[in-house]
Amino acid sequence: MKYRFVSRIIFIFCCLLVCLPFSKAVAQLHEAARLEIPTNSSYSEYFEVFSLGESGLLTLTRGDRFASRNEEWQFIKYDTTFQMVWNLRYKIDNRYVPIMAYQSEYMGYWLFAQPDTDHYMFLQLDFHDGSVDTFKGDLLAGMEVHQFKVIGSQALVSGYYRSRPIVVVHSFFDQTTKVLPGLFEKNTELNNVDINEIDGYINVTTYAYRRKNCVFDIKTYNYDGKLLKKTTLSDPRYSVISGQIVPLNADDSYLIGNYSVGCTQFSQGLYVTHIQDNEPAEPQFIEFSQLQNFFNYLKPKRKERMLDRIGKRQSLGKENKFRYRLLVHNLIQRENEIVLVAEVYYPNQRSSTPIVSSGLSRQYSSRTMEGYKYTHAIVCAFDRNGKFLWDNCIAIKDLNSFELQEMVQVTPVDDYFILAYPQEGEIHSEVIRRNEVVVASEKYKINANSKSEKVINTEEGYLAPWYGQYFLAYGSQRIGTSSVSVGREVYYINKLTYDTKDIGKLKETN
């Protein structure tokens, strides 16, 4: 009897192994290459990575062990195999402090300000050969900068001056400065400054409180700063919070973003509207409760209770109202669809509302003491006619950040989307195909180069899409032979990939 019982247990165990999904075995994030750069924490130093797509990547190490000297910035360009292309060291005038960076396709730009003056400096770096140009100009003393972009040979610096929105245009060519008209108004907030480099247009989106109603405006300027047209969205039921423009032609576009009930920054859902000849069509409003997978981040029982509550309110003809803060990413435009990605977060302390985030713009600012907590990210798609197609979600567990920044990176590969975010030396990933989760949550641990060493601790970890199915994971680590050794400090850059062939095998097994 004893042997029969053991045989039966073994038989059942083998059956369970056969029935288990093979996602862990055949489809997983893995390392393609790793770069370690020695560093020293005995003096203040900062490390950044800029993705250049198939051209490679750029690293910036800045800092100086002697505070009285001009700060040295070291730029190094690597190709996609982590081979060095060029190396540049540049001294920054210590009268200026860095404010923000902007990355275009072929150039990198850094904005500096001289404290308590109206003097600004712009640094331009050519990604191809590492050549540097600097430009100086006078903007506005006391301006609170929120966004910095470059179009052609002009810098666009936007923010607030005396609590009113302002966009300053500075020409690198003739050192002239001007302010875009029609923006310096009371009770008005900047949403985004969007540039259309092909047509030379500048679109500034704002929202304002007017007569107990919130009004969302799009003001379009030409390259010379002349106001060409103004489009207004105002709805008695809902208030548009943010919007990103998807141009179809000069007079035809879509606007996609999030909205609220009342003039608050708490989102109720998403919207899309068609704008033709400055006239917006009736927006399509999509409540979060209408999304198929929005509440997938909740535990099963809690999700069930939430859906029951939504269903009961709908059966009584009542509206489901939700209050979520969204960090909306730049839209991902594919051939047949437009994809919106947004992270849901909670500020751990009171803070100002951010403008639409851009992965191409980085702000150098002092950190908050408490930071922000992320709960989940949503991915939604619209077709080229503005019709809502599908949605999905990735849960973010116990992730906090001192700065409000994009944590979840989304990379389209063939018919799939790879969703991933960094946390405590690990990369959490998920693979979706439209509203279906193909590979559930997985973890990938970032290890040292040598098998004889281990990662003692990881401080700041970041993740960025690179090219194709490749990601860049980077940050700082202490590495040693054991957990009690002093070890060595390095900046690390890992090239991670998710092989689409593996996903295809997973599809066949399912």
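Residues numbered from 1 in each chain as written. Predicted model: local features only at pLDDT ≥ 70, side-chain atom pairs only at ≥ 80, totals over all residues. Heavy atoms only, no water.

Asker: Could you clarify how one ought to interpret the sheet that holds strand β30 (residues 409-413) in this entry?
Answerer: Note: strands within a sheet are paired through backbone hydrogen bonds, in either parallel or antiparallel orientation. Taking strand neighbours across the sheet as the criterion, the four strands line up as β30-β31-β32-β33 in an open arrangement whose pairing is antiparallel. Strands with a single pairing partner mark the edges of an open sheet, and in this sheet they are β30 and β33 (436-445). Each adjacent strand pair in this sheet contributes to an overall mean axis angle of 20 degrees, direction not counted. Pairing analysis gives seven bridges linking strand β32 (residues 426-433) to β33, with the strands arranged antiparallel. Its bridge partner being in β33, V431 is matched across the sheet by V439. (Pairing = 2+ DSSP bridges. Helix = DSSP H or I, 4+ residues; strand = E, 2+ residues; numbered from the N terminus. Axes fitted to C-alpha atoms, helices over the stretch in contact; angles between N-to-C directions.)

Asker: What is the right way to read the pattern of salt bridges from this model?
Answerer: A side chain with one charge may pair with a side chain of the opposite charge, provided their charged atoms come close. This model, assessed by the stated rule, comprises 14 salt bridges. In this structure, the salt-bridge partner of R434 is D415, at a minimum N-O distance of 3.2 Å. Taken together, the residues R434 in the loop between β32 and β33 and D415 in the loop between β30 and β31 (416-423) connect sequence positions 19 residues apart. For R434, a relative accessible area of 38% puts it in the partly exposed group. Of the charged contacts in the structure, one is a salt bridge between R488 and E453, with a shortest N-O distance of 2.7 Å. (Salt bridge = Lys/Arg side-chain N within 4 Å of Asp/Glu carboxyl O. Buried < 20%, exposed > 50% of the residue type's maximum accessible area, 1.4 Å probe, protein only.)

Asker: How should I be thinking about the sheet that holds strand β2 (residues 46-51) in this particular structure?
Answerer: With respect to topology, four strands assemble into an open sheet ordered β2-β3-β4-β5, the strand pairing being antiparallel. With one partner strand each, in any of the chains shown, β2 and β5 (84-92) form the two edges of the open sheet. Going across the sheet, the axis of each strand differs from the next one's by a mean of 15 degrees, ignoring polarity. Sheet topology note: the strand β3 (residues 57-63)/strand β4 (residues 71-78) ladder contains seven bridges and is antiparallel.

Asker: Looking at this structure, I do not really get the layout of surface pockets. What am I missing?
Answerer: Where empty space is left in the structure can be found by rolling a water-sized probe over the atoms. Reported here for the second largest pocket is a volume of approximately 540 Å³. The wall of the second largest pocket is formed by 22 residues, among which Y297, L298, A395, I396 and K397 lie closest to the centre. Only β28 (372-383), β29 (388-401), β32 and β33 provide two or more residues apiece to the lining of the second largest pocket. When residues in the lining of the second largest pocket are grouped by element, the largest group, six residues, is from β29. (1 Å grid on protein atoms, 1.4 Å probe; cavity = no way out; pocket = protein on both sides within 12 Å on 5 of 7 lines; lining within 4 Å. Points joined across faces, edges and corners; volume = space filled by probe spheres on them.)

Asker: Quick question: what am I supposed to make of the state of the cysteines here?
Answerer: Such a bond, covalent and formed between the sulfur atoms of two cysteines, is termed a disulfide. Taken as a whole and judged by the stated rule, the model has one disulfide. C393 provides the cysteine sulfur closest to C380, a residue in no disulfide bond, and the two sulfurs are 9.6 Å apart. Under the relative-accessibility criterion, C393 is labelled buried at 5%. (Disulfide = S-S within 2.5 Å.)

Asker: Looking at this structure, I do not really get helix α3 (residues 300-315). What am I missing?
Answerer: Because an α-helix packs 3.6 residues into every turn, residues spaced three or four apart end up facing the same way. Between the first and last C-alpha of α3 there are 22 Å, a value that for 16 residues agrees with the 22 Å anticipated at 1.5 Å per step. Immediately downstream of α3, the backbone of G317 shows phi near 75 degrees, a positive value. (Expected span 1.5 Å × (residues − 1).)

Asker: Looking at this structure, how should I read the nonpolar core?
Answerer: For soluble globular proteins, the rule of thumb is that nonpolar side chains tend to be buried together. Core analysis: the biggest nonpolar cluster contains 34 residues, and L111, F122, F148, V157, L180, I202 and V204 have the highest contact counts within it. Mapped by element, the contributors of at least two residues to this core are β6 (97-103), β7 (107-113), β8 (119-126), β10 (144-151), β11 (154-161), β12 (164-171), β14 (188-196) and β15 (201-210). Per-element tally for this core: the top contributor is β11, with five residues. Core analysis: the second largest hydrophobic core is formed by 28 residues, I256, L291, L326 and L340 among them. (Core = buried A, V, L, I, M, F, W, Y, C linked by side-chain atoms within 4.5 Å.)

Asker: Even after reading the chapter, I still don't get the packing of aromatic side chains, so can you show me in this structure?
Answerer: Each aromatic ring pair is summarised here by two numbers: the centre-to-centre distance and the angle between the ring planes. One pass over the structure, following the stated rule, counts 28 aromatic pairs. Relative to W110, the ring of F50 lies with its centre 5.7 Å away and its plane at 75 degrees, an arrangement referred to as edge-to-face. Highlighted residues: F50 in strand β2 and W110 in strand β7, separated in sequence by 60 residues. In this pair, the class of F50 matches that of W110, namely buried. On the basis of an interplanar angle of 25 degrees and a centroid distance of 6.1 Å, the ring pair of F322 and Y324 is categorised as stacked. By the ring-pair criterion, three or more aromatic residues cluster together here, those being Y102, Y109, F122, F135, F148 and F172. The ring of Y46 has R62 sitting right over it, with the charged end atom 4.5 Å from the ring centre. Positioned over the ring face of F266 is R323, at 4.1 Å from the centre of the ring. (Phe/Tyr/Trp six-rings, centres within 6.5 Å; stacked < 30°, edge-to-face > 60°. Lys NZ or Arg CZ within 6 Å of the ring centre and 35° of its normal.)

Asker: Is there a simple way to think about a positive patch on the surface in this case?
Answerer: The grouping of K301, R302, R305 and R309 at the surface amounts to a positive patch. Note on placement: R302 falls in helix α3. (Patch = residues over 30% accessible without salt bridge, like charges linked within 9 Å, V, L, I, M, F, W, Y side chains within 5 Å. Areas by Shrake-Rupley, 256 points an atom, 1.4 Å probe, with all protein chains shown as cover. Lys, Arg positive; Asp, Glu negative; His and termini not counted. Charge placed at Lys NZ, Arg CZ, Asp CG, Glu CD.)

Asker: Can you walk me through the environment of D194 in this structure?
Answerer: Secondary-structure assignment places D194 in strand β14. The spatial distance from the C-alpha of D194 to the C-alpha of T205 is 8.1 Å, given a sequence separation of 11 residues. When residues no more than four places from it in sequence are discounted, the contact partners of D194 are K149, Y201, I202 and N203. (Contact = heavy atoms within 4.5 Å.)

Asker: For this particular structure, what's the right way to read the side chain of R34?
Answerer: For R34, the location among the structural elements is in strand β1 (residues 30-38). Judged by relative accessible area, which is 9%, R34 ranks as buried. Only 2.7 Å separates the side chain of R34 from the side chain of Q477, close enough to count as a polar contact. Within the structure, R34 has its side chain in polar contact with the side chain of N494 (distance 2.8 Å). Apart from the residues within four sequence positions on either side, R34 is in contact with F82, I446, N447, A448, N449, Q477, I479, V490, Y492, I493 and N494. (Polar contact = N/O pair within 3.5 Å; in protein donor to acceptor, adjacent residues only side chain to side chain.)

Asker: Can you help me understand the pairing of β30 in this one?
Answerer: Here is the key point about a regular strand: its side chains alternate between the two faces of the sheet. Taking burial as the measure, the five residues of β30 include four buried ones, the bulk of the element. Taken together, β30 and the strand that follows it, β31, pair antiparallel across an intervening segment of two residues, in which D414 is found at a positive phi of about 55 degrees.

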